[in-house]
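Spelled out, the chains give:
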Amino acid sequence: MAKEYTNGDITILWQADKCIHSEICIKGLPRVFDNSKRPWIDLKGASSRDIVNQVRKCPSGALAVKDDKTTKFSSMENATIAGTKPVMVDLEAGKTYAWCACGKSSNQPWCDGSHQTTQFRPLIIKTMEPSKASLCMCKQSGSRPYCDGTHNKLTS
Ligand code: FES
Ligand code: FES
């Protein structure tokens, strides 16, 4: 169940059970996100635009902007093609990974927060056993974050 915080302009949703404690929000906007205070979110600490941009960096989706696609800060661009072939990665057991869905990250295939000005959010991968995965780099797969061969249909 998401908690809602609003400043009358935007509404931020908070789902504690999704949080992976990256603390990106606390480091990025400490006047808004401060877990030593209650409530820990104070939307008076920054402009709506800055808050929306910060919330979009949340790698787990624990923080979200309500009705994000309709906010005046939204953008409807397509995912950027980061590569035309999948990348094979080794996944460690129990570790949380954030796969870049927007294609803009400089640290492919992982999210680096560059999705903040887009409607995209990273997808979280967590495995219980060490494994290998073929991750989509074209960002068009129907089985994201995994490659499903869609890259073969892309025209340059
Ligand atoms: Fe985060 Fe692409 S940089 S989804
Ligand atoms: Fe995207 Fe294969 S790299 S579907």
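Residues numbered from 1 in each chain as written. Chains lettered and ligands numbered in written order. Predicted model: local features only at pLDDT ≥ 70, side-chain atom pairs only at ≥ 80, totals over all residues. Heavy atoms only, no water.

### Some points on the packing of aromatic side chains
The criterion, for reference: Only centres within 6.5 Å qualify two rings of Phe, Tyr or Trp (six-membered ring in Trp) as a pair; their planes then separate them into stacked at under 30 degrees, edge-to-face at over 60, and tilted for everything else. A run of H or I in DSSP counts as a helix once it spans at least four residues, and a run of E counts as a strand once it spans at least two, with each numbered from the N terminus. Using a 1.4 Å probe on the protein chains alone, a residue whose accessible area is under 20% of its type maximum counts as buried, one over 50% counts as exposed, and one in between counts as partly exposed.
Within the structure shown, the criterion is met by 3 aromatic pairs. With a centroid separation of 4.8 Å and an interplanar angle of 65°, the aromatic rings of Trp14 and Trp40 are classed as edge-to-face. Here Trp14 is found in strand β2 (residues 11–14), whereas its partner Trp40 is found in the loop between α1 (24–28) and α2 (48–55), with 26 residues between them in sequence. By relative accessible area, which is 11% here, Trp40 ends up buried. Centre to centre, the rings of Phe33 and Trp40 are 5.7 Å apart; their planes meet at 50°, and the pair counts as tilted. Comparing Phe33 with Trp40, the two get one shared label, buried. Among the aromatic residues, those joined into a cluster by ring pairs are Trp14, Phe33 and Trp40.

### A closer look at the sheet that holds strand β3 (residues 63–65)
Selection criterion: Pairing between two strands requires that DSSP report at least two bridges joining them. To get an axis, a line is fitted to the C-alpha atoms, and for a helix only the part in contact is used. The angle between two axes follows their N-to-C directions and goes from 0 to 180 degrees. In this analysis, two residues are considered to be in contact whenever any of their non-hydrogen atoms come within 4.5 Å of each other.
Read from one edge of the open sheet, 3 strands run β1-β2-β3, paired in antiparallel fashion. Since the sheet does not close on itself, it has two edges, and those belong to β1 (3–6) and β3, each with one partner. Neighbouring strand axes in the sheet, compared pairwise and without regard to direction, differ in orientation by 25° on average. Bridge count between β1 and β2: 4 bridges; the pairing is antiparallel. Counted as the bridge partner of Lys3 is Trp14 from β2. On top of the sheet, α2 reaches β2 and β3; it is set at about 130° to β3, its chief contact.

### Re the nonpolar core
Short version of the rule: Residues belong to a common nonpolar core when they are buried Ala, Val, Leu, Ile, Met, Phe, Trp, Tyr or Cys residues joined through side-chain atoms within 4.5 Å.
The biggest cluster of nonpolar side chains holds 19 residues, and the ones touching the most others in it are Ile12, Val32, Phe33, Trp40, Ile41, Ile51 and Leu63. Put simply, the parts of the chain that give this core at least two residues each are β2, α2 and β3. If one sorts the elements of this core by residue count, α2 sits on top with 3 residues. Other than its neighbours up to four places away in sequence, Phe33 contacts Cys25, Ile26, Trp40, Ile41, Gln54, Val55 and Leu63. Grouped together as the second largest cluster of nonpolar side chains are 15 residues, Ala79, Phe120, Ile125 and Cys136 included.

### Digging into the side chain of Ser141
What counts, and what does not: Polar contacts, as used here, are pairs of N or O atoms within 3.5 Å; protein pairs need one atom able to donate a hydrogen and one able to accept it. Residues neighboring in sequence count only if both atoms are side-chain atoms.
Residue position: Ser141 is located in the segment after β7 (131–135). One polar contact links the side chain of Ser141 to the main-chain amide nitrogen of Ser143, over a distance of 2.9 Å. A distance of 3.3 Å separates polar atoms of two side chains, one belonging to Ser141 and the other to Asp148. Leaving out residues up to four positions away in the same chain, Ser141 has contacts with Cys136, Tyr146, Cys147, Asp148 and Thr150.

### Focus: the environment of Pro86
Residue placement: Pro86 occurs in the loop between β3 and β4 (87–91). Every residue in contact with Pro86, bar those within four places of it in the chain, is listed here: Ser134, Leu135, Met137, Cys147 and His151.

### Considering α2
Since there are 3.6 residues in each turn of an α-helix, residues three or four apart along the chain are aligned in direction. Across the 8 residues of α2, 6 count as buried, placing the element largely inside the fold. Tucked inside the fold, the buried residues of α2 contact β2, α1 and β3.

Don't take any of this as a statement about function, it's just geometry.
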